[in-house]
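A look at the structure
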Amino acid sequence: MASQINPFRPTRWEHHSEGRPLIWFTPTAENLAQEKSTFVRGSRGSGKTTLLKSICWDDLAHNESLQMQHVIGDFQHIGVYLRFPDHISSSMGLVDWAALFPEAPEPELEFYRFFSLAVELSCLERALTACHELRLSGQVALAAGQELALVAELFEEFPKLAAFAEVVPKTFVATARLFREVVRRMNEASGRGALKLFIEALPAREPNELLSFVTSRLSKCARLRTVRFGEKPPGFKFCLDDCEVLSPAQQRSVNSLVRKARFPISWVVSSVGSFLESRSTYIPQQQLTDADRRVVSLDDREPKDFRQLCQAVVGLRLLYALPADARGEKGRDVERVFPMDIRLGQQDVNETIRVIVNRSTSPEAEILRIAARRVREAMERFAPKLIELAPPGVPEWLPWYQAWILLHWRGRHDNFIARLAPEALEQLEIHVQGLRFKRTQAWIRRKQVGALLHLSATLGFRKLPLAGRSIIVTLADGSIRDFLEIMGEIYAAQVRGGDPADPRQLARFIASGSRISAANQTDGIYRASEAYFEGIANRIDIEPNAVTRLVEGLGIYTSILQSNPNDASVLGRSERGVFVMRGGRQDGVASKALEYLRETIRQAELAGYLRQVPVRQRDEEDLDLPAHASSAARTIAFRLHRRLAPHFMFSYRGAYEAIGIDAIDLAALCMPGSRIAPRQWATELAEVSPVQEFQLSLPFDGVEDD
């Protein structure tokens, strides 16, 4: 890695030349390592794969960055990692099982039996390989005779499996190879439409029977050498990644395996977004519940946890970009490599506004200077605890956003004027007295980013001087990949002009204890945001034209809702942009158009450009939906990824206020053949007052409060 031009790239572990990611073991990984099965959900780039790999034997045995923190002996299980697209062909989900078994009372149960066998064989192939490798390395104690006896017992119980081999396997390695071959044949038969005869060659069994048979015997005869408890019977934790590729029937099959799991088996099932069904099974009257598995959403982790992850990952990236002999004692504490609070600094909303006002010569800026000074004087009288320390190099701290909000306030709750009135400074003397009340202080604090956007638009600024650790971490929106992309652009801006291949340049960057200039941080932030949007056109896993139009239209619309200087509601309902769309009442949209629209939204979410927001209706009857209505007919709420905020100029904290949006309007934007420009669409839609059709309860999204 020392020869890399940019230590923060590549951002995908698959692109690392070593084939292994740099892994930081998090508290979430500690939870996954417990006995209970877990479903992990998270947006693209949120760190799901590295999270799973951090508890699996292969990386614990061979990943240097992980070995710095943990060894296999720290756990009581053998973690086995499987990425579904690498093992199970999509053709398995395309077979018409009703036509294949017309006399079966429930043809889908035959699919469950077939697909679960493929999953079990893939898991066992990796588990047997793990036991073999760990025995060679001394981590697992297992006698050769025990191995031979177990394999012989396996093929006595399931003799049809042995028929796939020319010679009956006798060892774990040979058995793993056979299981791999059987899964290949299953994939091949599915793709060729030759399942009818092929299924007869498979062993008769109930789902989970083969997996339980092998793992229970492995656990009885093998001993995992642990650090704390000595030699113990190992559990087997099967970590399934990229499960969003599964069809509904395949998801249900996996759920059924999780429901049947008993020691030594447990599962970690990982997927992008909220599309994986984590409850229904093929077992009558036995749905998955919290007693069977926990559900962890990486998008809902605490800001402190994500900030600590960013701090650790940036340290690991820089540390392992250096040659091993140059890492020194910093390897003992990765947080010392690049302390973000020092190197990126802190820049809150008032400091950002100060920079903007100092660059402006408009009359509004001059009025704000006067108002900020008067509000400061009032704070000294009414609420001296609100006065903060001035940033380094600034002679005096001033309450810029507080003054801007009070200048536009009419004295009633969320009632504002759009433009400054001549008497604004006079009324300020009245309104500023409200600062003595804590509820007024909290009310104003919630509107600080809205004030920044409104002021910037009023003064004509299209590029905000964004910088500082808090803003950068918040823009990443819970995605460690996006954080690295932003840091990669900041690094490129900081070292621009030098030789990017010179290792001394990287060493100087790491050794420097000074703050990266605010200008370079701003430049990197905007380059990362623009690259994110422009990258939509280069993706092959989505419909780029439809997704581009959807994201661009919503981005411009969000910006208008949050920063239009001529709209008084911008300050009254700041940071609008959680779009709520219902399918039940969209009678004006043809079913095919609505289906296309929802698929476009789904693609945008899977690709990371949209974030779905949980919606809880307070009045279910208001939806007018039958109890059996499909998920496609129900309400969805979503917002744009925060990394897009600088490009479109909306809040770097994302959006909090929910507004209704009609599927008809969205279809007009992104349907094939649409001729309306995204800016025109957003402008026309903004001219109609957004109406919230029903009340929502939106969970706090957990960004840092600057």
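This text gives an overview of the structure that appears in the document.

What to know about the overall build of the chain
- From N to C terminus, the chain includes 31 helices and 12 strands.
- Taking 706 residues into account, the globule formula puts the C-alpha radius of gyration at 27 Å, and the chain, at 29 Å, falls close to it.
- In the chain, once contacts between residues fewer than 6 apart in sequence are set aside, the share between residues at least 24 apart is 79%.
- Accessible surface for the chain amounts to roughly 30,700 Å². Of this, 50% is attributable to carbon and sulfur atoms.
- With 89 positive and 88 negative side-chain charges, the chain shows a separation of 3 Å between the mean positions of the two kinds.

A few points about the packing of aromatic side chains
- The full count for this structure, using the stated rule, is 21 aromatic pairs.
- Plain terms: the ring middles of Y112 and Y282 are 4.9 Å apart, the flat faces sit at 25 degrees to each other, and that makes the pair stacked. With a gap of 170 residues between them, Y112 in helix α7 (residues 107–136) and Y282 in the loop between β7 (265–272) and β8 (293–297) connect regions that are remote in the sequence. Each member of the pair Y112 and Y282 is classed as buried.
- In this structure an aromatic cluster arises from ring pairing among F84, W97, F101, F111, F114 and F115.
- The residue whose ring lies beneath R439 is F437, and the NZ or CZ to ring-centre distance is 4.9 Å.

Section: the sheet that holds strand β11 (residues 636–640)
- Strand order in this open sheet of 4 strands is β10-β11-β9-β12, and the pairing throughout is mixed. Each of the sheet's edge strands pairs with one partner strand only, and the pair in question is β10 (610–612) and β12 (657–660). Pairs of neighbouring strands in the sheet enclose a mean axial angle of 35 degrees, with direction left out of account.
- Note that β10 and β11 share 3 bridges and pair antiparallel. Within β11, the position partnered with Q612 by the bridge is F638.
- Each of β9 (576–581), β10, β11 and β12 touches helix α26 (residues 544–563); the most contacted strand, β9, lies at about 130 degrees to it.

A short note on helix α31 (residues 678–686)
- Buried within α31 we find P678, W681, A682 and L685. Down the axis of α31, the smallest arc covering the buried residues is 95 degrees, so these residues share one side.
- Those residues of α31 that are buried are in contact with α26 and α30 (663–670).

Here we look at the environment of K260
- Within the fold, K260 resides in helix α13 (residues 248–260).
- Distance in space between the C-alpha atoms of K260 and D292 is 8.9 Å, their sequence separation being 32 residues.
- If we ignore the near neighbours within four places in the chain, the residues touching K260 are Y112, P207, N208 and I283.

Topic: the sheet that holds strand β3 (residues 140–141)
- Judged by pairing direction, the sheet is antiparallel, and its 3 strands sit side by side in the order β3-β4-β5 without closing on themselves. A strand with exactly one partner marks an edge of an open sheet, and here the two such strands are β3 and β5 (230–232).
- Here strand β4 (residues 223–226) runs beside β5; their pairing, made up of 3 bridges, is antiparallel. Opposite L224, over in β5, you have K232 as the bridge partner.

Describing the pattern of salt bridges
- Counted by the stated rule, this structure contains 33 salt bridges.
- Of the charged contacts, one joins E110 and R113 as a salt bridge, the two residues approaching to 3.9 Å between their closest N and O atoms. Within this pair, E110 and its partner R113 are both found in helix α7, separated by 3 residues, close to a single helical turn.
- For R113, a relative accessible area of 28% corresponds to the partly exposed category.
- A salt bridge links D477 to R611, with the nearest nitrogen and oxygen atoms 3.5 Å apart.

Some remarks on the side chain of N350
- As for its position among the elements, N350 is in helix α16 (residues 349–359).
- Under the relative-accessibility criterion, N350 is labelled buried at 3%.
- Among residues more than four places away in sequence, those in contact with N350 are W397, L398, P399, W400, Y401 and Q402.

Here's the deal with the side chain of H454
- Positionally, H454 belongs in helix α21 (residues 448–459).
- You can call H454 buried: its relative accessible area is 1%.
- Within the structure, the side chain of H454 is placed 3.1 Å from the side chain of W404, a separation counted as a polar contact.
- The contacts of H454, once residues within four sequence positions are left out, are W404, H408, A418, Q562, S563, N564, P565, V570 and L571.

Remarks on the environment of G79
- Looking at where G79 falls in the secondary structure, it is placed in strand β2 (residues 77–83).
- In this structure G79 comes out as buried when scored by relative accessible area, which is 2%.
- Measuring from C-alpha to C-alpha, the distance between G79 and L224 comes to 12 Å, with 145 residues separating the pair along the chain.
- Contacts of G79, omitting those with residues within four sequence positions, involve I55, C56, W57 and K237.

As for the environment of E108
- Among the structural elements, E108 can be located in helix α7.
- A sequence separation of 141 residues divides E108 from A249, and the C-alpha atoms of the two residues are 7.8 Å apart.

Things to note about the pairing of strand β6 (residues 235–241)
- Buried residues dominate β6, accounting for 7 of its 7 residues.
- Of the two faces of β6, both are covered, the one formed by G235, K237, C239 and D241 as well as the one formed by F236, F238 and L240.
- Pairing geometry for β2 and β6, over 7 bridges, is parallel. By the bridge assignment, I78 is partnered in β6 with F236.
- Judged from the 5 bridges that link them, β6 and β7 form a sheet pairing that is parallel. Within β7, the position partnered with K237 by the bridge is S266.
- In the classification by handedness, the crossover that spans β6, the intervening α13 and the parallel β7 is right-handed.

What counts and what doesn't
- Residues numbered from 1 in each chain as written.
- Predicted model: local features only at pLDDT ≥ 70, side-chain atom pairs only at ≥ 80, totals over all residues.
- Heavy atoms only, no water.
- Helix = DSSP H or I, 4+ residues; strand = E, 2+ residues; numbered from the N terminus.
- Rg over C-alpha atoms; globule rule 2.2 N^0.38 Å.
- Contact = heavy atoms within 4.5 Å.
- Areas by Shrake-Rupley, 256 points an atom, 1.4 Å probe, with all protein chains shown as cover.
- Lys, Arg positive; Asp, Glu negative; His and termini not counted.
- Charge placed at Lys NZ, Arg CZ, Asp CG, Glu CD.
- Phe/Tyr/Trp six-rings, centres within 6.5 Å; stacked < 30°, edge-to-face > 60°.
- Buried < 20%, exposed > 50% of the residue type's maximum accessible area, 1.4 Å probe, protein only.
- Lys NZ or Arg CZ within 6 Å of the ring centre and 35° of its normal.
- Pairing = 2+ DSSP bridges.
- Axes fitted to C-alpha atoms, helices over the stretch in contact; angles between N-to-C directions.
- Arc of directions from axis to C-beta.
- Salt bridge = Lys/Arg side-chain N within 4 Å of Asp/Glu carboxyl O.
- Polar contact = N/O pair within 3.5 Å; in protein donor to acceptor, adjacent residues only side chain to side chain.
- Right-handed = clockwise from strand over helix to strand, strands pointing away.

Don't take any of this as a statement about function, it's just geometry.
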